[in-house]
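Per-entry structural report
Listed below are the residues making up each chain.
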Amino acid sequence: VLRHAAARRTRARLASLAVAQDAAVAGAVTIGYAETATGLGRIVADTLGSYYIHSTRHAPAGAVAYGAFEEAHSHATSHRLLPTDPSLLDSAAPIVLVDDELSTGATIINTITELHQLAAHPSYTVATLIDLRSDADRNRFAELARTLGCTITVVALEDWMTPVTSTPTRTASSLFLVSTSRRRF
């Protein structure tokens, strides 16, 4: 019971971070990532009152994907978006992307790049439980925002900066907790 209450509080806090970051999420489309962030994405979308879709790794017969992107580090790398109403993604509505963690941010970059090619959106908000990106990975978000002429904001419950070490193995003691993050590019 305590574990479930803690999970509900964590999900509610993540959703409230996404809401509080900017009024620009009004009318947003929220996208959760298969498989682990589909529930988190639904909670954020419900909190925002936004249209919700999650990516899928399945290709049902006759379904036409709105867009597709890759998650290179996953066991099943290809994601598809199969919205019930593609016109919502064709609009200039802000996009809220929900994932359980940001390690390098490559999946988010691939998603934003694909979505922006299909329909330019003024802003993308990334809501995540933990942000593990390096400074170089964070700079890739800033460069993408400059290139596309949009804003990319990351809200995370925890923000960990990983120091560069000479060994490939990172231990928990080598990680330094920075703080709950809100970064806008």
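Heads up: the structure comes first, above all this text.
Residues numbered from 1 in each chain as written. Predicted model: local features only at pLDDT ≥ 70, side-chain atom pairs only at ≥ 80, totals over all residues. Heavy atoms only, no water.

Take helix H4 (residues 106–118) next. With 13 residues, H4 should reach 18 Å at 1.5 Å per residue; the first-to-last C-alpha distance of 19 Å fits that figure. Within H4 the residues assigned to the buried category are Thr107, Ile108, Ile109, Thr111, Ile112, Leu115 and His116. (Helix = DSSP H or I, 4+ residues; strand = E, 2+ residues; numbered from the N terminus. Expected span 1.5 Å × (residues − 1). Buried < 20%, exposed > 50% of the residue type's maximum accessible area, 1.4 Å probe, protein only.)

What follows deals with the nonpolar core. Core analysis: the largest hydrophobic core is formed by 23 residues, its most contacted members being Ile31, Ile95, Leu97, Ile108, Leu115 and Ile152. Ranked by residues supplied to this core, first place goes to H4 with four residues. Discounting residues that sit within four places of it in the chain, Ile95 has contacts with Val29, Ile31, Leu89, Leu115, His121, Ser123, Tyr124 and Thr125. By size, the runner-up hydrophobic cluster in this structure holds seven residues, among which are Ala28, Leu40, Ala127 and Val155. (Core = buried A, V, L, I, M, F, W, Y, C linked by side-chain atoms within 4.5 Å. Contact = heavy atoms within 4.5 Å.)

Now for helix H2 (residues 38–48). Residues Leu40, Gly41, Val44 and Ala45 constitute the buried set of H2. All buried residues of H2 project into a common sector of 135° when viewed along the axis, lining one side. Gly49, located one to two residues past H2, shows a positive phi value of around 75°. (Arc of directions from axis to C-beta.)

Attention shifts here to the packing of aromatic side chains. Inspection of every chain in the model, using the stated rule, returns zero aromatic pairs. Geometry around Phe141 places Arg133 over its ring, the cationic atom sitting 4.2 Å from the centre. (Phe/Tyr/Trp six-rings, centres within 6.5 Å; stacked < 30°, edge-to-face > 60°. Lys NZ or Arg CZ within 6 Å of the ring centre and 35° of its normal.)

The subject of this paragraph is the pattern of salt bridges. Going through the model one piece at a time under the given rule, you end up with six salt bridges. One salt bridge connects Arg146 with Glu143, and the closest N-O pair in it is separated by 3.0 Å. Highlighted residues: Arg146 and Glu143, both in helix H5 (residues 135–148), separated by three residues, approximately one helical turn. One salt-bridge network, held together by shared partners, links Asp131, Arg133, Arg138 and Asp159. (Salt bridge = Lys/Arg side-chain N within 4 Å of Asp/Glu carboxyl O.)

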